[in-house]
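# Structural characterization, general
Listed below are the residues making up each chain.
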Amino acid sequence: QVRLVESGGGLVQAGGSLRLSCAASGSILSIIPMGWYRQAPGKQRELVGSISSGGIAEHADSVKGRFTISRNKNTVYLQMNSLKPEDTAAYYCKTVVRGIDYWGQGTQVTVSS
């Protein structure tokens, strides 16, 4: 089994910063690719970005230049700068191990105007 636990969400003013963490544990024997997603009420879950096992990160256009994904082994971070109210959402990390999707419980990010 694989467990993902997110942390670091909270309330922040527009223009502020937060750093989210996702710690993976359980039946993991190697560095695994990870992704960050977010979902706002009434909207579909969307991909924020991902990071490969080799540490290569990709980011959605909506957050490019403001968010940065990084990792230390199987702990993945989402550094969020210059936050906008439109970034308000529940943020989730996700991975796939042996063909099975694993999701974290989510952490809420609220950006006030």
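Everything that follows concerns the structure shown earlier in this document.
Because the structure is predicted, anything quoted here is derived from the model rather than measured.

### A word on the packing of aromatic side chains
Geometry of an aromatic ring pair is reported as the spacing of the ring centres plus the angle between the planes. In this structure the tally under the stated criterion is 2 aromatic pairs. A ring pair is formed by Tyr92 and Trp103, whose centres lie 6.4 Å apart and whose planes are at 85°; its orientation type is edge-to-face. Of this pair, Tyr92 sits in strand E9 (residues 89–97) while Trp103 sits in strand E10 (residues 100–103); the two residues are 11 residues apart in sequence, bridging distant segments of the chain. Here the aromatic cluster, defined as three or more aromatic residues joined through ring pairs, consists of Tyr37, Tyr92 and Trp103. Of note, Arg45 hangs over the ring of Tyr92, and the distance from its end group to the ring centre comes to 3.9 Å.

### Concerning the sheet that holds strand E3 (residues 18–26)
With respect to topology, 4 strands assemble into an open sheet ordered E1-E3-E8-E7, the strand pairing being antiparallel. Looking at which strands have only one partner, the edges of the open sheet turn out to be strand E1 (2–7) and strand E7 (67–72). Mean inter-strand twist for the sheet, computed between neighbouring axes without regard to direction, equals 15°. By the bridge criterion, 6 bridges tie E3 to strand E8 (residues 75–80) in an arrangement that is antiparallel. Across the sheet, Leu18 pairs through a bridge with Met80, a residue of E8.

### A closer look at the state of the cysteines
Within this structure, the stated rule accounts for 1 disulfide. Sulfur-sulfur distance for the disulfide between Cys22 and Cys93 comes to 2.0 Å. Taking the sign of the torsion about the S-S bond as the criterion, the disulfide between Cys22 and Cys93, at about 65°, is right-handed. Placement of Cys22 in strand E3 and of Cys93 in strand E9 is noted, with a sequence separation of 71 residues between them. We classify Cys22 as buried; its relative accessible area is 0%.

The rules we used
- Residues numbered from 1 in each chain as written.
- Predicted model: local features only at pLDDT ≥ 70, side-chain atom pairs only at ≥ 80, totals over all residues.
- Heavy atoms only, no water.
- Phe/Tyr/Trp six-rings, centres within 6.5 Å; stacked < 30°, edge-to-face > 60°.
- Helix = DSSP H or I, 4+ residues; strand = E, 2+ residues; numbered from the N terminus.
- Lys NZ or Arg CZ within 6 Å of the ring centre and 35° of its normal.
- Pairing = 2+ DSSP bridges.
- Axes fitted to C-alpha atoms, helices over the stretch in contact; angles between N-to-C directions.
- Disulfide = S-S within 2.5 Å.
- Buried < 20%, exposed > 50% of the residue type's maximum accessible area, 1.4 Å probe, protein only.

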